[in-house]
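Notes for the structure review
Take a look at the letters that make up each chain.
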Amino acid sequence: MRLKSVYKIPNGKLLKVFLDYDPRSNLIRDISITGDFFAYPEESVELIERELRNTVVDRDVLFSKIKSIVERNGIEFIGLDVEGLTQGILMCLT
Amino acid sequence: MFNMSEQWRLLKTEDRTAYTNMAIDWAVLKANSRGLVPPTVRFYTWKPSAISIGYFQSLKEEVDLDMCKRLGVNYVRRITGGGAVYHEHELTYSIVIPESHPQISKNIMESYSRICGALIRGLKRLRINSQYVPINDVVVDGKKISGSAQTRKSKTVLQHGTVLLDVDVDKMFSLLRVPSEKIRDKLISDVKQRVTSIKHVLGEELSFEEVADAMKTGFEEEFNVELVDGGLTRTELEDSKRFEKNYFSSYEWNHRK
C-alpha cells in the first residue's frame, strides 16, 4: 500500500513522506523522506530511511527509533525534528 | 604598519548551465577541502534558465517536467538541502571556506547569518536596507530578496544562494507543481506579496556586473578580506566535468527522489 503525507513542521519546513506500508503486519516496507528541510550530513536521511524498513508504525516505536539513529550518528536537522518526522510518518495512515 | 588582509579567490562565471554551475560549486568545495585553493566566492548566472531543487526534494513532486521541456528550462538536484528555486533574473553566489576558518562558525545557523551578512552589506551598497531572517532568507521590508542553502562536506562549508535582480512569479509557478490547481491563483498572489527583487525595490534594473561589484565589497567588508579575481584550476575543471557527467546531468541523480 503506497501512502503519502504532507506536513508543515511547526516553525520548520514542509515535510513530504512517501510510505510503502504493509497493513497486515503494520510494518514499513519502504519510506522516502522528502522536503525542503536541511540535514547534516545529508546522507543521514538515507540512513534513517534504511533503518526504518520493517519498523512497526507506532508513535513510540518510531519516535525512539528515529531519536536513537539521530543521536547515534550526530545528525543535525534544520527545519525538521524527530517529533515532526514521526508525526509525518503517522499522518500517512490518517 | 600595514594591515594586510587575507586574500580569497573571486570567480565570476556567467551563463553556465545548471549542471555546470552545480558541478563547479562541488569541485571548488573538493579543491578547498584538499587545501589546493583558498576560500572562494563565486558569482554566477544560469543559461538556459533553470530550476534547482533541494537535495531531499522529490523532483516529480516539485517540478512540472513537461512545462520545463516546453519552455526550455533545465532542472537539477543540488547537493544542498532547502527548496526549489527558479533561476532566471538573478545573481547567484557561492562561498566555499574551511569549517575551521576563524571567520566561520562551527554552528550552522550562526554561519548562515554571517554569510547572509555579506549579502546585506552588498545590498546596502546598492542603497537597499535588508535584514536576515532565519533560517535562510534575506528580506527587504519583510519581502524575500535572497535565499540560501548550505552543506558541509570534508570539513568544508559550501553555501550558495540567490540575489533576485527581477522576478517573474507567474513563470515560476508555471514550472513548479502546486498542491492543487484550485489554490494556484491564491498561491501566486501570496508569493507576489512575499517576494521582491532589486528591480522592484529600486525601480530600475541593475546589471549582473553592478550587483556583483556591490556583493564583492559586501563579502570583503563582512569577512575583512580582499577578493582577488581568479579562475578555476585544472583539477577543479576536471572534477567539475566529472561531477556534471556522473551526477548533475544524469537521470539517476535528478530523479533519485
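Refer to the preceding data block for the structure.
Please read these numbers as outputs of a predicted model, since none were measured by experiment.

1. Section: the overall build of chain A
- Assigned secondary structure in chain A consists of three helices and five strands.
- In chain A, the succession of helices and strands from N to C terminus is β-β-β-β-α-α-β-α.
- For chain A, whose C-alpha radius of gyration is 12 Å, the value lies close to the compact-globule estimate of 12 Å for 94 residues.
- Taken over the C-alpha atoms alone, chain A extends approximately 35 × 25 × 20 Å along its principal axes.
- The burial tally for chain A puts 52% of its 94 residues in the buried class.
- Considering only contacts in chain A between residues 6 or more positions apart, those separated by 24 or more positions represent 48%.
- With an accessible surface of roughly 4,500 Å², chain A has 50% of that area assigned to carbon and sulfur atoms.
- Placing the 13 positive and 15 negative side-chain charges of chain A at their respective mean positions leaves the two points 5 Å apart.

2. Some thoughts on helix α6 (residues 184-194) of chain B
Residues and elements named next belong to chain B.
- Buried within α6 are the following residues: R184, I188 and V191. End-on view of α6: buried residues confined to an arc of 65°, all on one side of the axis. With respect to the buried face of α6, the exposed residues turned more than 90 degrees away are D185, K186 and Q193.
- On its buried face, α6 is in contact with α5 (169-175).

3. Overview of the packing of aromatic side chains
- Applying the stated criterion across every chain, the model contains 15 aromatic pairs over all chains.
- On the numbers, 5.8 Å between centres and 65° between planes, the contact of A:F38 with B:Y112 is edge-to-face. A residue pair is termed interchain when its members come from two chains, as with A:F38 in strand β4 (residues 38-40) and B:Y112 in helix α4 (residues 108-125). An identical accessibility class is assigned to A:F38 and B:Y112; each is buried.
- Clustering of aromatic rings is evident, with ring pairs tying together A:F37, B:W26, B:Y55, B:F56, B:F243, B:Y247, B:F248 and B:W253.

4. So, the interface of chain A and chain B
- In this assembly, 21 residues from chain A lie in contact with 23 residues from chain B.
- Across the chain A to chain B interface the summed buried area is about 1,700 Å²; carbon plus sulfur atoms make up 54%.
- Sorting the residues of chain A by area buried against chain B places A:F38, A:Y40 and A:E42 first, and these three jointly supply 34% of that buried surface.
- Connecting chain A to chain B are seven salt bridges.

5. Section: the packing of helix α2 (residues 59-72) of chain A against helix α3 (residues 82-91) of chain A
Residues and elements named next belong to chain A.
- Two numbers describe how α2 lies on α3: the axes approach to 9 Å, and their chain directions differ by 140°. Judged by the inter-axis angle, α2 sits oblique to α3. Here α2 runs over α3; the crossing is right-handed. Only V82, E83, L85, T86, Q87, I89 and L90 of α3 make contact with α2, whose side of the interface consists of R59, L62, F63, I66, K67 and V70.
- In terms of residue class, the contact of α2 with α3 is built from eight nonpolar, two polar and three charged.

Cut-offs used in this document
- Residues numbered from 1 in each chain as written.
- Chains lettered and ligands numbered in written order.
- Predicted model: local features only at pLDDT ≥ 70, side-chain atom pairs only at ≥ 80, totals over all residues.
- Heavy atoms only, no water.
- Helix = DSSP H or I, 4+ residues; strand = E, 2+ residues; numbered from the N terminus.
- Rg over C-alpha atoms; globule rule 2.2 N^0.38 Å.
- Buried < 20%, exposed > 50% of the residue type's maximum accessible area, 1.4 Å probe, protein only.
- Contact = heavy atoms within 4.5 Å.
- Areas by Shrake-Rupley, 256 points an atom, 1.4 Å probe, with all protein chains shown as cover.
- Lys, Arg positive; Asp, Glu negative; His and termini not counted.
- Charge placed at Lys NZ, Arg CZ, Asp CG, Glu CD.
- Arc of directions from axis to C-beta.
- Phe/Tyr/Trp six-rings, centres within 6.5 Å; stacked < 30°, edge-to-face > 60°.
- Buried area = accessible area lost by both parts, 1.4 Å probe.
- Salt bridge = Lys/Arg side-chain N within 4 Å of Asp/Glu carboxyl O.
- Axes fitted to C-alpha atoms, helices over the stretch in contact; angles between N-to-C directions.
- Parallel < 35°, antiparallel > 145°, perpendicular 65-115°, else oblique.
- Left-handed = near helix turned anticlockwise from the far one by under 90°.
- Nonpolar A, V, L, I, M, F, W, Y, C, P; charged D, E, K, R; others polar.

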